[in-house]
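# A look at the structure
Take a look at the letters that make up each chain.
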Amino acid sequence: MSRLEAKKPPLFISEPLTGDAVSQSLSVLSGILKSSYGPAGRLKQLHNGVGGCVCTTSQSSALLGHLSVSQPVLRVLTASVRNHVSRFSDCGLFTAILCCGLLENFRSLNIAPFTVIKISKHLLSLCMDHLKSEPCGCRVPVDFSSVETLVCLVRSILTSKPACMLNKAEVDHLTSLVLKAFIFTVPCHVETNAVLGKCVIIPVKGRRVVDSTVLPGLLMEAPEVQLGKPLAVKRTGSNVIKMALFSVSMSGDGFHPEEGTIAVHHGVSLEASELNQLLDVGKQLVKDEVGLVVCQKVMHPSLKQYLKENGVVAVDRAGLSVMEPLGRVTGTRPPIASMHSLSPGCYGSLKDLRVESVASKHFLHLIPEDTVICSLVLCNRSETAWDELKRVCETAEHVLQLTVKEPLALLGGGCTETHLASYIRYKSSSLPASTFRDLGCSQTQYQLVADGFCRSLESVARSLSHNGEGILTDVVYGHCWFVPSGSPCVSTWSDLVSKCGCGVNGNTEDLSWRFLQGHSGSAVLQGCPKEPSVNVADLLTLDCFAAKCSGLQVALETANLILDLSYVIEDQN
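Description of the structure in this document. If you're wondering where the values come from, they're calculated on a predicted model, not measured in any experiment.

## Considerations on the overall build of the protein chain
Across its full length, the protein chain holds 15 helices and 20 strands. Counting every position in the protein chain, which comprises 573 residues, the buried fraction comes to 50%. Across the protein chain, every contact between residues at least 6 apart in sequence was considered, and the portion connecting residues at least 24 apart equals 75%. About 27,200 Å² of surface is accessible on the protein chain, with carbon and sulfur atoms providing 52% of the total.

## Some details on the packing of helix α1 (residues 20–35) against helix α4 (residues 92–106)
Axis separation between α1 and α4 bottoms out at 10 Å; the angle between their running directions is 145°. Helix-helix and strand crossings are classified by hand; for α1 and α4 the assignment is left-handed. Of the residues in α4, those in contact with Leu26, Ser27, Leu29, Ser30, Leu33 and Lys34 of α1 are Leu93, Ala96, Ile97, Cys100, Leu103 and Glu104. Partitioning the contact of α1 with α4 into residue classes produces eight nonpolar, two polar and two charged.

## Here's the deal with the nonpolar core
Soluble globular proteins tend to bury their nonpolar side chains together. Leu131, Tyr446 and Leu552 are the most contacted members of the largest nonpolar core, which has 121 residues in total. Among the domains, domain 1 (12–137 + 411–522 + 534–570) and domain 2 (143–217 + 377–406) are the pair contributing at least three residues each to this core. Not counting residues up to four positions away in its chain, the partners in contact with Tyr446 are Ile119, His122, Leu123, Leu126, Ser428, Leu431, Phe436, Leu439 and Cys441. Counting 32 residues, the second largest nonpolar core, distinct from the first, contains Ala222, Val233, Val294 and Val315.

## Some remarks on unusual backbone geometry
Unusually for a residue other than glycine, Ser89 sits at a positive phi of about 70°. The exposure class assigned to Ser89 is partly exposed, which follows from its relative accessible area of 25%.

## Describing the sheet that holds strand β7 (residues 218–221)
A sheet is described by the order of its strands in space; here three strands give the open sequence β7-β13-β12, paired in antiparallel fashion. With partners counted over all chains shown, the strands left at the sheet margins are β7 and β12 (352–358), one partner each. The average undirected angle you get between the axes of adjacent strands in this sheet is 30°. Relative to strand β13 (residues 361–367), β7 runs antiparallel, the two being bridged by four bridges.

## Looking at the sheet that holds strand β17 (residues 480–483)
Backbone-to-backbone hydrogen bonds join strands into a sheet, with any given pair of strands oriented parallel or antiparallel. Read from one edge of the open sheet, three strands run β17-β16-β18, paired in antiparallel fashion. Of all strands in the sheet, those with a lone pairing partner are β17 and β18 (513–515), marking the two edges. Between one strand and the next, the sheet's axes are offset by a mean angle of 40°, whatever the strand orientation. As judged from the four bridges shared by strand β16 (residues 470–474) and β17, these two strands associate in the antiparallel manner.

## So, the packing of helix α6 (residues 148–158) against helix α7 (residues 168–184)
The geometry of α6 relative to α7 is characterised by a closest axis approach of 9 Å and an angle of 120° between their N-to-C directions. As the angle between them shows, α6 and α7 are arranged oblique. As α6 runs across α7, the sense of the crossing is right-handed. Of α7, the residues touching α6 (which contributes Leu150, Val151, Val154, Arg155 and Leu158) are Val171, Asp172, Leu174, Thr175, Val178 and Leu179. Per-class residue counts for the contact of α6 with α7 are eight nonpolar, one polar and two charged.

## Here we look at the pattern of salt bridges
Counting across every chain of the model gives 22 salt bridges. Close ionic contact of Asp211 with Arg208 constitutes a salt bridge, the shortest N to O distance being 3.0 Å. Asp352 is paired through a salt bridge with Arg354; the nearest N and O atoms lie 3.0 Å apart. Put simply, Arg425, Asp451, Arg455 and Glu458 are held in one network by salt bridges that share partners.

## Focus on the pairing of strand β8 (residues 241–246)
On any regular strand, side chains alternate: one points to one face of the sheet, the next to the other face. Counted residue by residue, β8 has five buried out of six residues, so it is predominantly covered. Strand direction decides the pairing type here: β8 and strand β11 (residues 348–350), joined by three bridges, are antiparallel. Paired with Ile241 across the strands is Leu350, a residue of β11.

## A look at the packing of aromatic side chains
One pass over the full model with this rule turns up one aromatic pair. Geometrically, the ring pair formed by Phe436 and Tyr446 is edge-to-face, given 5.5 Å between the ring centres and 65° between the ring planes. Taken together, the positions of Phe436 in helix α13 (residues 433–439) and Tyr446 in helix α14 (residues 443–462) put the pair 10 residues apart, joining distant regions of the chain. For Tyr446, a relative accessible area of 0% puts it in the buried group. Sitting above the plane of the Phe94 ring, Lys548 keeps its charged end 4.8 Å from the centroid.

## Some thoughts on α6
Summarising burial for α6: 10 of the 11 residues are buried, a large majority. Residues of α6 that are buried: Thr149, Leu150, Val151, Cys152, Leu153, Val154, Arg155, Ser156, Ile157 and Leu158. In this fold, the buried residues of α6 make contact with β4 (139–141), α7, α11 (383–405), β15 (408–411) and β19 (542–544).

Calculation criteria
Residues numbered from 1 in each chain as written. Predicted model: local features only at pLDDT ≥ 70, side-chain atom pairs only at ≥ 80, totals over all residues. Heavy atoms only, no water. Helix = DSSP H or I, 4+ residues; strand = E, 2+ residues; numbered from the N terminus. Buried < 20%, exposed > 50% of the residue type's maximum accessible area, 1.4 Å probe, protein only. Contact = heavy atoms within 4.5 Å. Areas by Shrake-Rupley, 256 points an atom, 1.4 Å probe, with all protein chains shown as cover. Axes fitted to C-alpha atoms, helices over the stretch in contact; angles between N-to-C directions. Left-handed = near helix turned anticlockwise from the far one by under 90°. Nonpolar A, V, L, I, M, F, W, Y, C, P; charged D, E, K, R; others polar. Core = buried A, V, L, I, M, F, W, Y, C linked by side-chain atoms within 4.5 Å. Domains from an automatic or database assignment. Pairing = 2+ DSSP bridges. Parallel < 35°, antiparallel > 145°, perpendicular 65-115°, else oblique. Salt bridge = Lys/Arg side-chain N within 4 Å of Asp/Glu carboxyl O. Phe/Tyr/Trp six-rings, centres within 6.5 Å; stacked < 30°, edge-to-face > 60°. Lys NZ or Arg CZ within 6 Å of the ring centre and 35° of its normal.

Structure (structure tokens):
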């Protein structure tokens, strides 16, 4: 009899943020995230050490999905960021870097966590009120009657991930495709509860990016279809193509031993009986004037041949991923789950069915009467670059959908972060004494927390520099400016800078630039940062308003949650 090991008591770790192991892990995680940030971010190669696929990326969803984090405190941080990304798709690195910066700055203060949390919540409310106010200098309204702002938004997302390996022509081509695909998903007839459609991404690896294209309707890969031959499809009397969509297997192997036993009379072939049943289904489909049959699983070759002989196009092994868009395109929702009852209302319909050849692949092109589904045939030269590009295009589509709900964008390139820091410094220096009494803190404590908050925002902007560039901010608009590496400290900064990070402001006026320092305090502005005149024709760098506002809130709330941890209790068994 084996000896039983006695249960170990749980491990209690008090004040986890003060431990050296947590501090070191936080610093390492922060370094990984900061070095991945922005268009010039360094790529990370992630693998599990025991074989399997290697992921090369600088995207937060892939990074945090592949990183193994052992510290319980940091698992809270990564889980919060991943939850944010699952809801908004964008600003994951911004959220994570800001959260790390807030933790590093707040825990160094000799102020009780309870007080820090109350002050930081007040600072967050000041930021959110400012971002949602009309005079905010880093908000850009999105006009859907013109594509200029949407182009800037999509371009900013595509150029933010260097692993996509895109040149300017490819960025321009993909920007137009993503916008075109999004427009296809907007319903033509707006109802009370309008629902946006879906863009289905079709993978084509090993081809040029400029071979990518977008088509309304749905493309289904069909290697058996021969290009050049006319597709003879049966149509109904009203000149539409009736379609049957099956989610059940049609292979004829319906009997599974694990489901129990079945009694078969002597001389009766079970296989022949099932095939006859399948052929009866085929006869019913032909009788009902069905022109296209799609099966999620395998279809028996004899049934496929019978359907083909009767002018019915049959496609099997469609897979689970296309079932939902297929149902939306054809109106067959839910798909047919049983072959025993084919009612007249179980069929869908199509306007047309064609054969398309895109990037050396053959597809069936399903064209409905009125579609909010489109197909983006996405090409890239390598599998690594394609994987990253797919994630980026999905992010761009989601950001456009979020922008429909809230038609605003924020200035990118670090300008929103430095502008907010300038605004908070201005506001915190002019608060009435009643604010400090309500928060139960002194003015000195408030200023210390506000300074840590602003330095955390500025650290996100500094993370955009990866090649030794100097980073400036101006005292008029509070925007972020990049100075080439090795530039001398000069009195006339306008000789070295041309545009701010977002592209709104030029060097045509003296903006009194100053360096953004790492941990030293920054000079307070003479007044509230001004609102610049925004011209979207200048190809601005823009961020998603909803995603960035959520990221700001998630970063601060997560930092406050971790600051409030007094014990971590780990089970040792």
